Amino acid sequence: MVFMGTVFAGLAVGFWQKSGSIFYLYNFSIIGASLMLGLGLWPLLPRQHKPWARRLSQILVGGYLFFGLGMGLIHLGFGVILPENMQIEGFWFWLLAGMSAASVLHYAIAKIVGPFIFNRGWCGWACWTTAVLDLLPWKKSPGRIPGHWGYLRYLHFLLVAIIVFVLVKHFHYGLPDTLGIVKFKDINPMNVNVYSSMWHIPELWWFLAGNIGYYGLGIVFACVFRDNRAFCKYLCPIVAFFKIGSRFALVKIAAEKEKCTDCKTCELFCPMDIRLTEYIKAGRRITSSECVICLTCTSVCPNDVLQVSFGFDMSSYDYLRCKISGESQPEREER
Ligand code: SF4
Ligand code: SF4
Ligand code: SF4
């Protein structure tokens, strides 16, 4: 928690000083404080209520990014509404326009560089999609569908990148077509269109339409597979970014091998179907790039075998639990 707080305080002050904009001080302070609130509550709550600490953090960080930046409401304090498409499509639009606005910074920090340090902590503690999906009733995963369905995520990633690239390069559709500012104090900080209402701003509609699609698919997948995290396992395109850094992440789950009784309770409750005992028997940390650092395993283990740790290691193997003919059955997958 102290480490997390220090990193976000450094980001807040560093970006503020470098850019001269106090927005960055607010922005990273809000995110850092929300994460620290969840992480601080975690050890204080009894085992059965610990997930609420994580959900609180997801709702606060995800809610801030969704409403504050995605819908532009944080900019009210600065006299304008400037929505920004924080979805992956928005990241590509801004990147191709050569501008490092909120979505590019967000992807760079939380999803590209961040995983080298915090692993997929974003997925466990901050994602606005799973802030909703994690509230659905299928919290205990029945196991993954056998086969290589996880590769759909990479196809999705490529498809999104190609669509944006074609729109920008072939149809010359770019940021000037999507941006817009609603003036509240007669301030116009960028040379873009001024609309009479925020609902006329195309950027807002890109963001909302993308989210309606992702939430809709996430809920349908959760219902069909009876698994709240099915969208993360089979369809989320952002996983393509996470997989690069999370293998090398400093933060991972570690086990005291001698205390483990191989009861497999941690595996049954792991929302990402990770076969933790394979790593424990090998004397390794949980190096699976599917781990979202939700800490569920640490709270359900009856012998307190598991805890968060810092270190240098990596693995190219994901040991995952798959279901076969309706039964939960172990299987090894390599990705
Ligand atoms: S895999 Fe995608 S949807 Fe799932 S938590 Fe991570 S970013 Fe969110
Ligand atoms: S291994 Fe533990 S921390 Fe990682 S996803 Fe599974 S339950 Fe969460
Ligand atoms: S729940 Fe604890 S004791 Fe049981 S297999 Fe997992 S780490 Fe070992």
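1. Looking at the overall build of the protein chain
The secondary structure content of the protein chain amounts to 15 helices and 6 strands. A total of 335 residues make up the protein chain; the buried ones form 52% of that total. By element, 69% of the accessible surface of the protein chain is carried by carbon and sulfur atoms, the whole surface being about 15,100 Å².

2. Some points on the environment of threonine 277
Along the chain, threonine 277 turns up in helix α14 (residues 276-281). Considering only alpha carbons, one finds threonine 277 and cysteine 266, 11 residues apart in sequence, at a separation of 8.6 Å. With residues near it in sequence (within four places) discarded, threonine 277 still touches Asp262, Lys264 and Glu267.

3. Quick notes on the site of ligand 3
Neighbouring ligand 3 are 14 residues, the closest being Cys260, Cys263, Lys264, Cys266 and Cys301. Of all the secondary structure elements, the ones that give two or more residues to the shell around ligand 3 are α13 (265-269) and α14. A breakdown of the residues in the shell around ligand 3 according to their chemical character gives 8 nonpolar, 4 polar and 2 charged.

4. Let's talk about the confidence of the model for the protein chain
The pLDDT averaged across the protein chain works out to 86; a share of 90% of its residues lies at or above 70. Ranking the elements of the protein chain by mean pLDDT puts strand β6 (residues 327-334) last with 45 and helix α11 (residues 230-234) first with 97. Within the model, the stretch residues 326-335 combines pLDDT values under 50 with 43 contacts to residues more than four positions away or in other chains.

5. Quick word on the side chain of threonine 298
As for its placement among the helices and strands, threonine 298 is situated in helix α15 (residues 296-300). We classify threonine 298 as buried; its relative accessible area is 13%. Among the polar contacts listed, one links the side chain of threonine 298 to the backbone oxygen of leucine 295, at a separation of 2.6 Å. Apart from residues lying up to four places away in sequence, threonine 298 is in contact with Trp42, Arg47, Ile253, Leu306 and Gln307.

6. Side note on the site of ligand 2
Close contacts around ligand 2 come from Ile253, Cys270, Pro271, Leu276, Cys291, Val292, Ile293, Cys294, Leu295, Thr296 and Cys297, and that covers them all. The class makeup of the residues in the shell around ligand 2 is 10 nonpolar, 1 polar and no charged.

7. Here we look at the packing of helix α4 (residues 88-96) against helix α5 (residues 102-118)
Running from N to C, α4 and α5 cross one another at 120°; their axes reach a closest spacing of 8 Å. In terms of orientation, α4 lies oblique with respect to α5. Seen along the crossing, α4 lies across α5 with a hand that is left-handed. Along the contact surface, α4 presents Ile88, Gly90, Phe91, Trp94 and Leu95, while α5 presents Ser103, Val104, Tyr107 and Ile112. In terms of residue class, the contact of α4 with α5 is made up of 7 nonpolar, 2 polar and no charged.

8. Digging into the nonpolar core
If you look at the biggest cluster of nonpolar residues, it comprises 87 residues, and the most contacted ones within it are Leu65, Ile88, Trp122, Ile274, Leu276 and Leu306. Tallying contributions element by element places helix α10 (residues 202-225) first for this core, with 7 residues. Residues lining this core come from more than one domain, with at least three contributed by each of domain 1 (2-242) and domain 2 (250-334). Discounting residues that sit within four places of it in the chain, leucine 276 has contacts with Cys266, Glu267, Cys270, Ile286, Cys297 and Leu306.

9. Some words on the pattern of salt bridges
Following the criterion strictly, the structure yields 17 salt bridges and no others. A salt bridge links aspartate 304 to arginine 47; the shortest N-O distance between them is 2.9 Å. Of the two residues, aspartate 304 is situated in the loop between α15 and β4 (306-310) and arginine 47 in the loop between α2 (23-41) and α3 (51-70); the sequence distance between them amounts to 257 residues. Residue aspartate 273 pairs with arginine 144 through a salt bridge whose shortest N-O separation is 3.3 Å. Here aspartate 273, found in the loop between α13 and α14, pairs with arginine 144, found in the loop between α7 (128-133) and α8 (152-169); they are 129 residues apart in sequence, far enough to count as distant. Of the two residues, aspartate 273 and arginine 144, neither departs from the other in class, the shared state being buried. Through salt bridges with shared partners, one network takes in Arg120, Arg144, Arg153, Asp227, Lys233, Lys243, Asp273, Glu290, Asp318 and Arg321.

10. So, the packing of helix α1 (residues 2-19) against α5
Where α1 contacts α5, the axes come no closer than 14 Å and their chain directions differ by 145°. α1 and α5 meet at a crossing whose hand is right-handed. In this structure, α1 uses Phe3, Met4, Val7, Leu11 and Phe15 to contact α5, whose residues at the interface are Leu105, Ile109, Ile117 and Phe118.

11. Quick look at the environment of methionine 314
One can find methionine 314 in the loop between β4 and β5 (317-324). Placed 27 residues apart in sequence, methionine 314 and threonine 287 show a C-alpha to C-alpha distance of 6.0 Å. Apart from the residues lying within four places of it in its own chain, the contact partners of methionine 314 are Arg247, Phe248 and Thr287.

12. Description of the packing of aromatic side chains
Tallied over the entire structure, the rule returns 21 aromatic pairs. With centroids separated by 4.9 Å and ring planes inclined at 50°, the aromatic side chains of phenylalanine 66 and phenylalanine 207 adopt a geometry described as tilted. Separated by 141 residues along the polypeptide, phenylalanine 66 in helix α3 and phenylalanine 207 in helix α10 bring together distant segments of the chain. Among the aromatic residues, those joined into a ring-pair cluster are Phe66, Phe67, Trp122, Trp128 and Phe207. Between arginine 55 and the ring centre of tryptophan 52, over which it is positioned, the NZ or CZ distance is 4.5 Å. The aromatic ring of tyrosine 107 is capped on one face by lysine 111, whose charged end is 4.3 Å from the ring centroid.

Calculation criteria
- Residues numbered from 1 in each chain as written.
- Chains lettered and ligands numbered in written order.
- Predicted model: local features only at pLDDT ≥ 70, side-chain atom pairs only at ≥ 80, totals over all residues.
- Heavy atoms only, no water.
- Helix = DSSP H or I, 4+ residues; strand = E, 2+ residues; numbered from the N terminus.
- Buried < 20%, exposed > 50% of the residue type's maximum accessible area, 1.4 Å probe, protein only.
- Areas by Shrake-Rupley, 256 points an atom, 1.4 Å probe, with all protein chains shown as cover.
- Contact = heavy atoms within 4.5 Å.
- Near = heavy atom within 4 Å.
- Nonpolar A, V, L, I, M, F, W, Y, C, P; charged D, E, K, R; others polar.
- pLDDT = per-residue confidence, 0-100.
- Polar contact = N/O pair within 3.5 Å; in protein donor to acceptor, adjacent residues only side chain to side chain.
- Axes fitted to C-alpha atoms, helices over the stretch in contact; angles between N-to-C directions.
- Parallel < 35°, antiparallel > 145°, perpendicular 65-115°, else oblique.
- Left-handed = near helix turned anticlockwise from the far one by under 90°.
- Core = buried A, V, L, I, M, F, W, Y, C linked by side-chain atoms within 4.5 Å.
- Domains from an automatic or database assignment.
- Salt bridge = Lys/Arg side-chain N within 4 Å of Asp/Glu carboxyl O.
- Phe/Tyr/Trp six-rings, centres within 6.5 Å; stacked < 30°, edge-to-face > 60°.
- Lys NZ or Arg CZ within 6 Å of the ring centre and 35° of its normal.

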